[in-house]
Structures are given as structure tokens and as C-alpha cells.
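Chains, contacts and geometry: an overview
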Amino acid sequence: MAVRHKRLAATLLAMASIASPVQAGSPYIGLGVYQANIDAAAFDGGDTVFAGFAGYTFIDTSVFMLSVEAGYYPLGGYSARQSLDYARVDSNALALGGVAALPLGPFFEVYGKLGTARSDVSSTLPELSGEDWRAYYGAGVSVDVLDTFDVYLEYLGFSGTLDSSLVGVGLKLSF
């Protein structure tokens, strides 16, 4: 297993060294509006939420970009009729992960996100309440409007007590 990690690190280092020019040390922040959904049969519909993130790009070349990112993602609030009562679920996640991006021309890029998230679910149904650390993943596209200002569209998936997904659009500002 350790040999695989060393090979991956060597490959990434080689890719970074042949790319030109290398820029590093670029922090960024982002804010978006998302449509949130949970995977629970009793709860239908979605919820519109606002989410934010901050990151740091430590490899920025003309062929590959690599960043680390932390974000807060409300995963929505949902209700459903259970017998004579209403059941309620509210969920959010704190995420920490990596972002790998491929520029496709001077103004467009595709990216993927992968990391871990602490999801917190509060519910009137005790079996759904709880918090845990699980994986999250995502993919998106962004368009460079100005040199430091991007518009993005992304999908994020969170596994945990309740599996959740977000689809959103937002703005990212690099410093």
C-alpha cells in the first residue's frame, strides 16, 4: 500500500514539474446556493440552502491545479407526516478535502472534490439523529469571469446517517 502512495506522489510531482508556469500560495473563498436532497423514503422534496467554503491552491499550473478546501454545507430541513405527527429532520456538514482541477482553455475548468465530512443530523425520529465522519465527493465546472472571480456549478454527495446530495451554483473569489 505504501508503494502505491509513493508512486502516486511521484507521478503528481512529475506532472507538476513539467507543467509551466507553477504558481502557488493562492487562497480563495466561495459562496453558493444549492438544492439539497436526502435519501430517505419518508421525506420528499428538497430544500434550498446557502453554503460557503474556503481553500488554498498550492499547485496551479496550465495543466493541473491542486487545492485543499474546508466548507460548511447545510444539507437541508425536511418534514413528513408520520401517523398523526410530523417528523422533522435537519442536517448539515463540515467538510475537509482536496480539489483537483483540469483547466480546459484559459477560462474554463473541470474539477473533482474528495474528502471527509462531519455530518450532524437532528430529528424528531431518534433513529435518524446523530453525527458521524464519512466521505464526501463532488464534481463541477467553473468559468473564469475575471482573473480572480469564477462562477461555478457543482454536485456534492455526502454519505452518513442520511445520504445527502447538493447541486448548486455560486461565486468563487481568489486572492
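As the structure is a computational prediction, the values presented were derived from the model and not from experiment. (Residues numbered from 1 in each chain as written. Predicted model: local features only at pLDDT ≥ 70, side-chain atom pairs only at ≥ 80, totals over all residues. Heavy atoms only, no water.)

**Quick notes on the overall build of the protein**
Counting its secondary structure elements, the protein contains one helix and eight strands. Traced from its N-terminal end to its C-terminal end, the protein shows the element sequence α-β-β-β-β-β-β-β-β. Burial statistics for the protein: of 175 residues in total, 41% are counted as buried. Summarising the internal contacts of the protein: among those between residues at least 6 apart in sequence, 55% fall at separations of at least 24. (Helix = DSSP H or I, 4+ residues; strand = E, 2+ residues; numbered from the N terminus. Buried < 20%, exposed > 50% of the residue type's maximum accessible area, 1.4 Å probe, protein only. Contact = heavy atoms within 4.5 Å.)

**Considering the side chain of S26**
By the secondary structure assignment, S26 is in strand 1 (residues 26-38). Those residues in contact with S26 that sit more than four places away from it in its chain are G55, Y56, T57, S174 and F175.

**Brief notes about the side chain of S174**
Within the element layout of this structure, S174 appears in strand 8 (residues 164-174). Judged by its relative accessible area of 18%, S174 falls in the buried class. For S174, the residues in contact, after removing those within four places along its chain, are S26, P27, Y28 and T148.

**Thoughts on the packing of aromatic side chains**
Per the counting criterion, the structure on display carries six aromatic pairs. For the pair Y34 and Y73, a centre-to-centre distance of 6.2 Å together with 90° between the ring planes defines the contact as edge-to-face. Remark: Y73 occurs in strand 3 (residues 65-82) and Y34 occurs in strand 1; sequence separation between them is 39 residues. The buried category is assigned to Y73, whose relative accessible area is 1%. Centroid distance Y137 to Y155: 6.3 Å. Interplanar angle 45°. Geometry classified as tilted. On the criterion of sequence distance, the pair formed by Y137 in strand 6 (residues 130-146) and Y155 in strand 7 (residues 149-158) is long-range, its members being 18 residues apart. Taking relative accessible area as the criterion, Y137 reaches 42% and is therefore assigned partly exposed. Residue Y155 is classed as partly exposed on the basis of its relative accessible area, which comes to 35%. Grouped by ring-pair contacts, the aromatic residues Y34, Y73, Y136 and F158 constitute a single cluster. For the cation-ring pair, K113 lies above F53, with the distance from its terminal atom to the ring centre recorded as 4.6 Å. (Phe/Tyr/Trp six-rings, centres within 6.5 Å; stacked < 30°, edge-to-face > 60°. Lys NZ or Arg CZ within 6 Å of the ring centre and 35° of its normal.)

**Thoughts on the pairing of strand 7**
The side chains of a regular strand alternate, residue by residue, between the two faces of the sheet. Across 10 bridges, strand 6 lies against strand 7 in antiparallel orientation. Counted as the bridge partner of Y136 is F158 from strand 7. Here strand 6 folds back onto strand 7 in antiparallel fashion, the turn holding two residues. (Pairing = 2+ DSSP bridges.)

**Focus on the pattern of salt bridges**
For the structure shown, the criterion picks out four salt bridges. A salt bridge links K113 to E69, with the nearest nitrogen and oxygen atoms 2.6 Å apart. Of the two residues, K113 is situated in strand 5 (residues 108-123) and E69 in strand 3; the sequence distance between them amounts to 44 residues. You'll find K113 and E69 in the same group, each marked buried. Put simply, R118 and E131 hold a salt bridge, and the shortest N to O gap is 3.5 Å. Of this pair, R118 sits in strand 5 while E131 is found in strand 6, placing the two residues 13 residues apart along the sequence. Three or more residues joined by partner-sharing salt bridges are found here, namely E69, K113 and E154. (Salt bridge = Lys/Arg side-chain N within 4 Å of Asp/Glu carboxyl O.)

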